[in-house]
Each structure stands twice: as C-alpha cells, then as structure tokens.
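One-letter residues, chain by chain:
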Amino acid sequence: MTKTRTEGAAALPLNTILDGDCIERMLALPEESVDLIFADPPYNLQLRGDLHRPDNSKVDAVDDHWDQFESFKVYDDFTRDWLAAARRLLKPNGAIWVIGSYHNVFRMGAELQNQGFWILNDVVWRKSNPMPNFRGKRLTNAHETLIWASKSESAKYTFNYEALKALNEGIQMRSDWVIPLCTGGERLKDDAGDKAHPTQKPEALLHRVLLGTTNPGDVVLDPFFGTGTTGAVAKMLGREYIGIEREAAYREAATKRLSKIRKFDREALETTTSKRAEPRVPFGQIVERGMLRPGEELYSIGNRYKAKVRADGTLIGNDVKGSIHQVGAHLEGAPSCNGWTYWHFKRDGKLVSIDILRQQVRAEMDESRPH
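Residues numbered from 1 in each chain as written. Predicted model: local features only at pLDDT ≥ 70, side-chain atom pairs only at ≥ 80, totals over all residues. Heavy atoms only, no water.

**Quick notes on the side chain of Thr-213**
Then, number 1: Within the secondary structure layout, Thr-213 lies in helix α5 (residues 203-213).
Then, number 2: The buried category is assigned to Thr-213, whose relative accessible area is 6%.
Then, number 3: Reaching out from Thr-213, the side chain makes a polar contact with the side chain of Trp-97 at a distance of 3.2 Å.
Then, number 4: Within polar-contact distance, the side chain of Thr-213 engages the backbone oxygen of Val-209 at 2.6 Å.
Then, number 5: If near-sequence neighbours (up to four positions away) are discounted, Thr-213 is found in contact with Leu-36, Trp-97, Trp-148, Thr-158 and Asn-160. (Helix = DSSP H or I, 4+ residues; strand = E, 2+ residues; numbered from the N terminus. Buried < 20%, exposed > 50% of the residue type's maximum accessible area, 1.4 Å probe, protein only. Polar contact = N/O pair within 3.5 Å; in protein donor to acceptor, adjacent residues only side chain to side chain. Contact = heavy atoms within 4.5 Å.)

The following block contains the structure:
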C-alpha cells in the first residue's frame, strides 16, 4: 500500500511517496542505497505569454510555478545540487536516466559529465502524436531526449540486452523510440476534468527503461515523482520504488493511482536473458551425475563424426582428446565450436542434443535458489 511520508526517513522507505524538497529528501536517505534513478525534472521552458491554437483556443501549456526559474544560473545551480544528491544515493554499479527537452537536456548532460557520471546512451523519444507548432515559426517539436548514464566509467550497470531485443521482435533495440504521448484512459484527470499533470509520461516509456536497465527487486528512485508513472511501472514489474514530490495535488493523484496497481505474477516478470547470464554447467558434471556414462558415444551434427565420453568429462575421437568444444572444432577444422549444440547422444534410436542435459541441470539449479 502506498503511503505519503511527512517526516525524515532514516531507513530506506520503499514503495513510499516522500513530500518536500527533492534535494533535502535525497540527502536524508541512506548513501549508496538505490539501483536506478529516473528523473524528469522541470524543463525551464521559459514560456513568454499564453499560447493559442489557430481557432484562438488556449493551449494547456506548462506554465506552472515549479517550472519557472529566474535565470539559467539559478537553473544550473538547481541541476548541480539535485544531481549531486542523486549521485550520493546510487550504488557503485547504479545508473541514472534523465529526460528533458532542448530547453534543459544539454545543460543536464554537461552537469552529468562534470560530476563523473559516464554517459552510456542518449535516447530520442519520438512522439508519434506531437503537439503542432501553432505559431508556425519553428519546426514541430516532436521529440524529447533521455540520457542514460552509469555512476562511473567502470560501473557494472544493468543492461538486459536480450529482453529489449525480445521486446523489439528479435531486433537489437535502437536509441530512437517511437512512443505516443500519454493520452486517453492513461491520462490522469483532476476533479474538474483537467489534466492532473501537464507532462505525465506514458507508461510505455518507463516500461522500456525499467525492463532494460533494472531487475526485479531493484530499488528505483524518482525525485520528481509527479503523478507516479515511474512508481506504477516499477510496481507492475516487481521493482521497489521511492518517489519524492512536493506538490500535494500530484502526491494525491499518484497515491490513488498506485493503490490500483497490481504486481505481475512471477512467471510474467521473467524476461529473456543472455546465454552468458545463465549458470555455467561443466560437461564433466553431466558425466559424474550419470546423465551420460564414460564410454558412451556422442555424434556430431549430421552424424558425420563420433567421439567417446571419458570419465573426466573429456572426449576422444579420431585420436583427438579434449573438451567437447576442442574435439568438435578439430574434427570440423574450425577455429571454435559450441560443443553443447554440436554433440548428440542416442536415445531410442534418435539423436538428442546434449544441450538438453545442460538445460535440465540449469532448471534444477534455478529451483534450488531462494526466490
């Protein structure tokens, strides 16, 4: 259940919305306690007067007091201070995402580098339904920019490459994302029927960010929580969240929203992982467990070659001795070979890949892990 906290937190206040100034709140949280920060700070749009459509109706633009700063210097000082507080909170292998428009994203990017963050990517969020440029004096502003940065150059940050590739129908995820603005039923409204927040981000955007750069159980902090999109997606994906929001109306809207969110079940939260991330299973373990016996013969793809299993988990074939990979590579005259997919054993007259045995062991290892 989501709560609104009004007092300083000595321990990590998971799945909570903290009120007050984001810098003060971050400085009160434990150092190096957060895995990821997603920050959507004020853009400092510097609007000059009202904006109207061609039919003279007024555009509901961002003119709130929280987006107004006296000068670039004041905004830069604010950016420096909240990024320093955020950096203090990140674990050594943590990372941060910031999002902005041309008004502020370059200033944030420079400050990220000034403070020692290591920029990994800039991502263009291209809006499939952008607001037109009603004055006709500039290009339609159809995108925003996200910067993804690790805490340091040497940080071992989380990147779920295979999961994002699967999300993109098996194609490597690019750094230009076409996602519509938050509209329709997803757009929160206040009691008067107006937008609850002028820059509410679509859940699809946060889904991609959190799926790709966090794992279930990770702690995600959003220091500019607004109506809680980061918290909603984090909760659904089995991540822990902490929100900071000084505007009472936004906190109220976020609390109501989060109370209706349910976490996906464990199977639904599992994502595609890299083969390298799976537990390593030595072929010798297959032999010592009796899944294959010493003296049993293995057969290559196409049944062209065969080799005999030895007691120490090596093979011998055509007077060549070595691992399943080495013998396969030698027989094929290749520089390398994946022995797990190359070699097969016979069961009931059929050839079966030895990789089936490895997957069986991995499944048992996964079942034995605490969840």
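Following the structure, the description resumes.
**A closer look at unusual backbone geometry**
Then, number 1: Phi at Glu-32 is positive, roughly 50°, even though this residue is not glycine.
Then, number 2: Considering the arrangement of structural elements, one finds Glu-32 in the loop between α1 (22-27) and β3 (34-39).
Then, number 3: Glu-32 gets classed as partly exposed once you look at its relative accessible area, which sits at 39%.
Then, number 4: For Glu-169, which is not glycine, the phi torsion reads 55° and is therefore positive.
Then, number 5: For Glu-169, the position within the fold is in the loop between α4 (161-167) and β7 (176-178).

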